[in-house]
Amino acid sequence: MLRMTFWPAVALALACSTAMASDIRRVVTGLDANNKAVVLFDSRLPLAPGPYGLASTNMWITDSYPPALSFTKDDPAARPIGISPPDNGTKFRVVEFPPLDPATEAKMEPNFLHKSVGEKAPARGVPVTHPLMHRTRSLDYAVVLSGEIDMMLDETSVHLKPGDTVVQQATNHAWINRGKEPCRILFVLMDSKQP
């Protein structure tokens, strides 16, 4: 009897922990009406599925510089936004890159990601050479949280592991996961001047 109860409970716990593993806890502070520090948001944000198995979530978005502080329950991360940060703004996000198999890579539309950047792409730079290659008019900070990934540039590639950081300055780049496990990266994108 104990066995019949124990193993289904273990399976349920594992399934729930796997489902929650893709969520990210976000805590946002602010000031209340008495100028005391309070928690405005404390919730788990799911990584939303995207094309080719990519998954991401925006943690916070600003649209002014210096950034305006928001002490309301209006969540700026909930507003729709493309790959680039808003003009004069920032975008704090997490992206999970699945392993990229050669068959999927071969079926990708040329210039796929760069087309989605659109007119926000800086004019300076050579044409992209991979479907996931793109450039944004932004200064980006990236921290590899888990997994491994290759950052492809125009003529070179850099292999990155957990704890590695990147400062991306509006250059062509593609994130290619040639491993067997997903790679999760935290990004802060800041609008910049044309390079």
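Above this text sits the structure in question.
What you are looking at is a predicted structure, and each value in this text was computed from that prediction instead of being measured.

A. Seen up close, the pattern of salt bridges. One pass over the structure, following the stated rule, counts 9 salt bridges. Put simply, Lys-120 and Asp-87 hold a salt bridge, and the shortest N to O gap is 2.7 Å. Of this pair, Lys-120 sits in the loop between α3 (112-117) and β6 (138-146) while Asp-87 sits in the loop between β4 (55-62) and β5 (90-97); the two residues are 33 residues apart in sequence, bridging distant segments of the chain. Look at Asp-87 and you get partly exposed, because its relative accessible area is 44%. Its salt-bridge partner being Glu-96, residue Arg-184 comes within 3.0 Å of it at the nearest N-O pair. Residue Arg-184 is located in strand β11 (residues 183-191), and its partner Glu-96 is located in strand β5; the two are separated by 88 residues in the primary sequence. With relative accessibility at 12%, the residue Arg-184 sits in the buried group.

B. Seen up close, the packing of aromatic side chains. Applying the stated rule across the entire model yields 4 aromatic pairs. The interplanar angle of 90° and the centroid separation of 5.0 Å between the aromatic rings of Tyr-52 and Phe-112 together place this pair among those described as edge-to-face. With a gap of 60 residues between them, Tyr-52 in the loop between β3 (48-49) and β4 and Phe-112 in helix α3 connect regions that are remote in the sequence. Tyr-52 sits in the partly exposed class, given a relative accessible area of 31%. For Phe-112, a relative accessible area of 18% translates into the label buried. In this structure, Arg-26 is placed above the aromatic ring of Phe-41, and the distance from its NZ or CZ to the ring centre is 4.9 Å. Above the face of the Phe-41 ring, Lys-73 is positioned so that its terminal group lies 5.7 Å from the ring centre.

The rules behind the values
- Residues numbered from 1 in each chain as written.
- Predicted model: local features only at pLDDT ≥ 70, side-chain atom pairs only at ≥ 80, totals over all residues.
- Heavy atoms only, no water.
- Salt bridge = Lys/Arg side-chain N within 4 Å of Asp/Glu carboxyl O.
- Helix = DSSP H or I, 4+ residues; strand = E, 2+ residues; numbered from the N terminus.
- Buried < 20%, exposed > 50% of the residue type's maximum accessible area, 1.4 Å probe, protein only.
- Phe/Tyr/Trp six-rings, centres within 6.5 Å; stacked < 30°, edge-to-face > 60°.
- Lys NZ or Arg CZ within 6 Å of the ring centre and 35° of its normal.

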